[in-house]
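Fold and geometry: a report
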Amino acid sequence: MRILLTGSSSFTGCWFTRALADAGHEVVVTMTRPSADAYDDPARRERVGLVLERAASVAWGVAFGEPAFVDLVGRGFDVLCHHGADVTDYKSPDFDVDRALASNTRSLRRVLQALRAGGGRRVVLTGSVFEGDEGAGDAGLPHFSPYGLSKALTAQVFRHHCREQGLGLGKFVIPNPFGPMEEPRFTAYLMKTWFAGASAEVKTPEYVRDNIHAGLLAACYASFVAGLGESPGFSRMAPSGYVESQGAFAQRVAAEVRARTGLGCGLELAVQTDFAEPRMRINTDSAGAIVSGWGESACWDAFVAFYERRLGRGA
């Protein structure tokens, strides 16, 4: 298929680009910056470089909903994959929901009209398990944050306009991905600490979360995109990886890294008393059942090799 993908310079977007291209699709990506050199962050620039190796072409300096994007989407795509989203200060309680929703859905009706005029019939929107009413868990499945609320509202706007235009909409719900090219979050902290020869502290070991290898997540994404029919309607995929407490997951990572490097991979599990977030939030579709025969050991090999290249022993 011919696919237009937004958000390809992100951690998961980089993996999605590769998985779609490796599945034989022609992937055209948009970048909001005018060139690869315009990305100041070294990690993002590295991801952009990998995307350029896989994508059929790149539309530089094009943001979702702008006139140039509307023109592009009308040039004949089978699927529009909207993975990009406004994530500015996404962890902040002051995250601007109104701004994010406007950015995520800018000129959406015109975008979808152009897609349909060009022969496209399918749209894939990326969601998050931290949206309200997504996944399984406790506390009534609330929005985790204003960012989660913005993602949920974005999905509602897409459902309305896709229904209006007679387009099929697939929502791909992401849990907690980790792996090569990742953002500096939990597993990145673990690896940096261990490669420095120190023990890592897990401050929230009792939270039950859903961590998944980025490569497995991307394989699920490619399967979902390929499996969407051309008829109108709504479908969802919510791939699930390692469902366990963060303390247990940290121990899992330590065991895999220790076996491949010989590092001590010490852990200190704090006594968790603060439960500001729901204790449990997970996805519900087994990724292993979606992608049969995936190489779990190979994913761990790639994860460790990435940090050995980036950090080295004693870094």
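Attention in this report is confined to the structure presented alongside it. (Residues numbered from 1 in each chain as written. Predicted model: local features only at pLDDT ≥ 70, side-chain atom pairs only at ≥ 80, totals over all residues. Heavy atoms only, no water.)

Section: the side chain of Ser9
- Position of Ser9 relative to the elements: it lies in the loop between strand S1 (2-6) and helix H1 (11-22).
- A polar side-chain atom of Ser9 sits 2.8 Å from a polar atom in the side chain of Arg44.
- Sequence-distant contacts of Ser9, defined by excluding residues within four places in its chain, comprise Met31, Tyr39, Arg44, Arg47 and Val48. (Helix = DSSP H or I, 4+ residues; strand = E, 2+ residues; numbered from the N terminus. Polar contact = N/O pair within 3.5 Å; in protein donor to acceptor, adjacent residues only side chain to side chain. Contact = heavy atoms within 4.5 Å.)

What about the sheet that holds strand S8 (residues 176-178)?
- Judged by pairing direction, the sheet is mixed, and its three strands sit side by side in the order S8-S10-S13 without closing on themselves. Only two strands of the sheet have a single partner each, and these edge strands are S8 and strand S13 (242-245). Neighbour-to-neighbour, the strand axes of this sheet turn through a mean angle of 40°, independent of strand direction.
- Relative to S13, strand S10 (residues 208-213) runs antiparallel, the two sharing four bridges. Looking at S13, one finds that Arg209 is bridged to Glu244. (Pairing = 2+ DSSP bridges. Axes fitted to C-alpha atoms, helices over the stretch in contact; angles between N-to-C directions.)

Section: the sheet that holds strand S2 (residues 26-31)
- Taken in spatial order, the seven strands of this open sheet run S3-S2-S1-S4-S5-S7-S11, and their pairing is parallel. Looking along the sheet, the strands with just one partner apiece sit at the ends: strand S3 (57-60) and strand S11 (233-237). The sheet shows a mean angle of 20° between the axes of neighbouring strands, taken without regard to direction.
- As paired strands, S1 and S2 are joined by four bridges and run parallel to one another. Looking at the pairing, Arg2 lines up with Glu26 of S2.

Some details on the environment of Ser57
- Tracing the backbone shows Ser57 in strand S3.
- Once residues within four sequence positions are removed from consideration, Ser57 is found in contact with Val27, Val28 and Val29.

A short note on the pairing of strand S4 (residues 79-82)
- Of the two faces of S4, the one lined by Val79 and Cys81 and the one lined by Leu80 and His82 are each fully buried.
- With four bridges joining them, S1 and S4 adopt parallel strand pairing. Each bridged residue has a counterpart across the sheet, and for Thr6 the counterpart in S4 is His82. (Buried < 20%, exposed > 50% of the residue type's maximum accessible area, 1.4 Å probe, protein only.)

Points about helix H7 (residues 186-195)
- In terms of residue burial, H7 counts as a mostly covered element, since seven of its ten residues are buried.
- Listed as buried for H7 are Thr187, Ala188, Leu190, Met191, Thr193, Trp194 and Phe195.
- In the core, the buried residues of H7 are packed alongside S8, strand S9 (200-202), helix H9 (246-261), strand S14 (267-269) and helix H11 (296-310).
- Just beyond H7, the residue with positive phi is Gly197, at close to 85°.

Let's talk about the packing of H1 against helix H2 (residues 42-54)
- Interhelical geometry of H1 versus H2 gives an angle of 15° and a closest axis separation of 9 Å. In terms of axis orientation, H1 runs roughly parallel to H2. Judged by the twist between their axes, the crossing of H1 over H2 is left-handed. Taking contact as the criterion, the partners of Phe11, Cys14, Thr17, Arg18, Ala21 and Asp22 in H1 are, on H2, Arg47, Leu50, Val51 and Arg54.
- Of the residues contributing to the contact of H1 with H2, the split by class is five nonpolar, one polar and four charged. (Parallel < 35°, antiparallel > 145°, perpendicular 65-115°, else oblique. Left-handed = near helix turned anticlockwise from the far one by under 90°. Nonpolar A, V, L, I, M, F, W, Y, C, P; charged D, E, K, R; others polar.)

A word on the nonpolar core
- Core analysis: the biggest nonpolar cluster contains 57 residues, and Val124, Phe172, Trp194, Tyr221 and Phe303 have the highest contact counts within it.
- Excluding residues that lie within four positions of it along the chain, Val124 makes contacts with Val79, Leu80, Cys81, His82, Gly170, Phe172, Tyr221, Phe224, Val225 and Leu228.
- If you look at the next biggest cluster of nonpolar residues, it comprises 23 residues, including Phe69, Leu72, Val123 and Ala155. (Core = buried A, V, L, I, M, F, W, Y, C linked by side-chain atoms within 4.5 Å.)

A word on the packing of aromatic side chains
- In total, this model carries 19 aromatic pairs according to the counting rule given.
- Centre to centre, the rings of Phe16 and Tyr221 are 3.9 Å apart; their planes meet at 5°, and the pair counts as stacked. Of this pair, Phe16 sits in helix H1 while Tyr221 sits in helix H8 (residues 214-227), and the two are 205 residues apart along the sequence.
- Relative to Phe249, the ring of Phe186 lies with its centre 6.4 Å away and its plane at 35°, an arrangement referred to as tilted. Here Phe186 is found in helix H7, whereas its partner Phe249 is found in helix H9, with 63 residues between them in sequence.
- Of the aromatic side chains, those joined through ring pairs into one cluster are Phe178, Phe186, Tyr242, Phe249, Trp300, Phe303, Phe306 and Tyr307.
- Its end group placed over the ring of Phe95, Arg99 keeps NZ or CZ at 5.6 Å from the ring centre.
- Directly above the aromatic system of Phe234 lies the positively charged group of Arg159, at a separation of 3.8 Å from the ring centroid. (Phe/Tyr/Trp six-rings, centres within 6.5 Å; stacked < 30°, edge-to-face > 60°. Lys NZ or Arg CZ within 6 Å of the ring centre and 35° of its normal.)

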